[in-house]
Amino acid sequence: MPRRILIVIGHPDPEPSRLCRALAASYADGARSKGHDVRVVDVANLDFPMLRTMEEFSNRPLPLTLEDAAQAIRDAEHIVFIFPLWLGTMPALLKAFLEQVMRPGIAFAYPEAGRDGFTTSLLRGRSARVVVTMGMPSFLFRLWYLGHGIAGMRRNILNFVGIRPVRETLFGMVDAVSDASRKRWLERMRALGASGS
Ligand SMILES: Cc1cc2nc3c(=O)[nH]c(=O)nc-3n(C[C@H](O)[C@H](O)[C@H](O)COP(=O)(O)O)c2cc1C
């Protein structure tokens, strides 16, 4: 079944030669080749302010420059986040983007005024894949660092707003990658895209 897929490129560097952009392009090619509907949000090309207060988060409208991205998130059935590991987690620009769009009214709802209770997740029914490139070997990130930088994103952001399952694809030792491995990675991304997962 064709799916509506959103690719969020979370690399702050808009340079087209970045590995993350090549991985995103391969995934998109594979997905389109099988008839999936693919949209791309490239966070490096968005102009938006840092969110600074609870008041902005809870009560102010989303910045106009992020309205298309927020709609793309609502429209998607599957969201693929692609970013480099920076200081053990996602780059600050991607976190700033998520702080803006994963806000009340878009991603979750507070209990009605005067009522106790939990928040309601508004993005249920969507799945995600988190694709991360890193300088260290990926097994080291999983075993020594326990994958914390991605687990936080999965549980505190994506699962919180109802997005599950969240699958992970890690590419390690990327700065010294051979041409053959790079080609294999791009083929892997193309296959993931084709399967819509
Ligand atoms: C600011 C910064 C912080 C980084 N922190 C880490 C890190 O904590 N762990 C790691 O394995 N690699 C780290 N790296 C290496 C990047 O993950 C790596 O260069 C990137 O995944 C390469 O992908 P790209 O070509 O798409 O940029 C860091 C790189 C930068 C620029």
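Values in this document were obtained by computation on a predicted structure and should not be read as measured data.

Calculation criteria
Residues numbered from 1 in each chain as written. Predicted model: local features only at pLDDT ≥ 70, side-chain atom pairs only at ≥ 80, totals over all residues. Helix = DSSP H or I, 4+ residues; strand = E, 2+ residues; numbered from the N terminus. Rg over C-alpha atoms; globule rule 2.2 N^0.38 Å. Contact = placed C-beta atoms within 7 Å. Near = placed C-beta within 6 Å. Nonpolar A, V, L, I, M, F, W, Y, C, P; charged D, E, K, R; others polar. Core = buried A, V, L, I, M, F, W, Y, C linked by C-beta atoms within 7 Å. Buried ≥ 20, exposed ≤ 12 C-beta atoms within 10 Å, placed from the backbone. Pairing = 2+ DSSP bridges. Right-handed = clockwise from strand over helix to strand, strands pointing away. Axes fitted to C-alpha atoms, helices over the stretch in contact; angles between N-to-C directions. Arc of directions from axis to C-beta. Parallel < 35°, antiparallel > 145°, perpendicular 65-115°, else oblique. Left-handed = near helix turned anticlockwise from the far one by under 90°.

1. Here's the deal with the overall build of the chain
- Within the chain, the regular secondary structure consists of 7 helices and 7 strands.
- Each helix and strand of the chain, placed in order from N terminus to C terminus, yields the pattern β-α-β-α-α-β-α-β-β-β-α-α-β-α.
- Against the compact-globule benchmark of 16 Å for 197 residues, the chain has a radius of gyration of 17 Å, which places it among compact chains.
- Along the longest, intermediate and shortest principal axes, the C-alpha atoms of the chain span 60 × 40 × 30 Å.
- Of the contacts formed within the chain by residues at least 6 apart in sequence, a portion of 77% connects residues at least 24 apart.

2. Describing the site of the ligand
- Contacts to the ligand come from 15 residues, most closely from Leu19, Pro84, Thr133, Met134 and Gly135.
- Looking at side-chain class alone, the shell around the ligand contains 9 nonpolar, 4 polar and 2 charged residues.

3. Regarding the nonpolar core
- Ranked by size, the top nonpolar core spans 49 residues in total, and within it Ile7, Val8, Tyr27, Ile79, Val80, Phe81 and Ile82 carry the most contacts.
- It is helix α1 (residues 19-33) that contributes the most residues to this core, 6 residues altogether.
- Beyond its immediate chain neighbours, meaning those up to four positions away, Ile7 contacts Ala24, Tyr27, Ala28, Val38, Val40, Val80 and Ile82.

4. Regarding the pairing of strand β2 (residues 37-42)
- As paired elements, strand β1 (residues 4-9) and β2 share 6 bridges and run parallel to each other. Bridge assignment links Arg4 to a residue of β2, and that residue is Asp37.
- Handedness of the crossover joining β1 and β2 through α1: right-handed.

5. Re the sheet that holds strand β7 (residues 166-171)
- Ordered by their spatial adjacency, 5 strands build an open sheet running β2-β1-β3-β6-β7, and the pairing between neighbours is parallel. The sheet is open, and its two borders are formed by β2 and β7, each paired with just one other strand. Taken over all neighbouring pairs, the strand axes of this sheet differ in orientation by 15° on average, direction set aside.
- Lying over the sheet, helix α6 (residues 148-159) contacts β6 (127-133) and β7, oriented at roughly 155° with respect to β6.

6. Comments concerning α6
- Those residues of α6 lying buried are Ile150, Met153 and Leu158. Here the buried residues of α6 occupy an arc of 55° about the axis, which is enough to place them on one side. Those residues of α6 that are exposed and angled more than 90 degrees off the buried face are His148, Arg155 and Asn156.
- Lining the buried residues of α6 we find β6 and β7.

7. Some details on the packing of α1 against helix α7 (residues 179-195)
- At a minimum axis separation of 6 Å, α1 and α7 run at an interaxial angle of 40°. As the angle between them shows, α1 and α7 are arranged oblique. For the crossing formed where α1 meets α7, the hand is right-handed. Counted together, Ala22, Leu23, Ser26, Tyr27, Ala28, Asp29, Gly30, Ala31 and Ser33 of α1 and Trp185, Leu186, Met189, Arg190, Ala191, Leu192, Gly193 and Ala194 of α7 form the full contact between these two elements.
- Tallied by class, residues from the contact of α1 with α7 come to 11 nonpolar, 4 polar and 2 charged.

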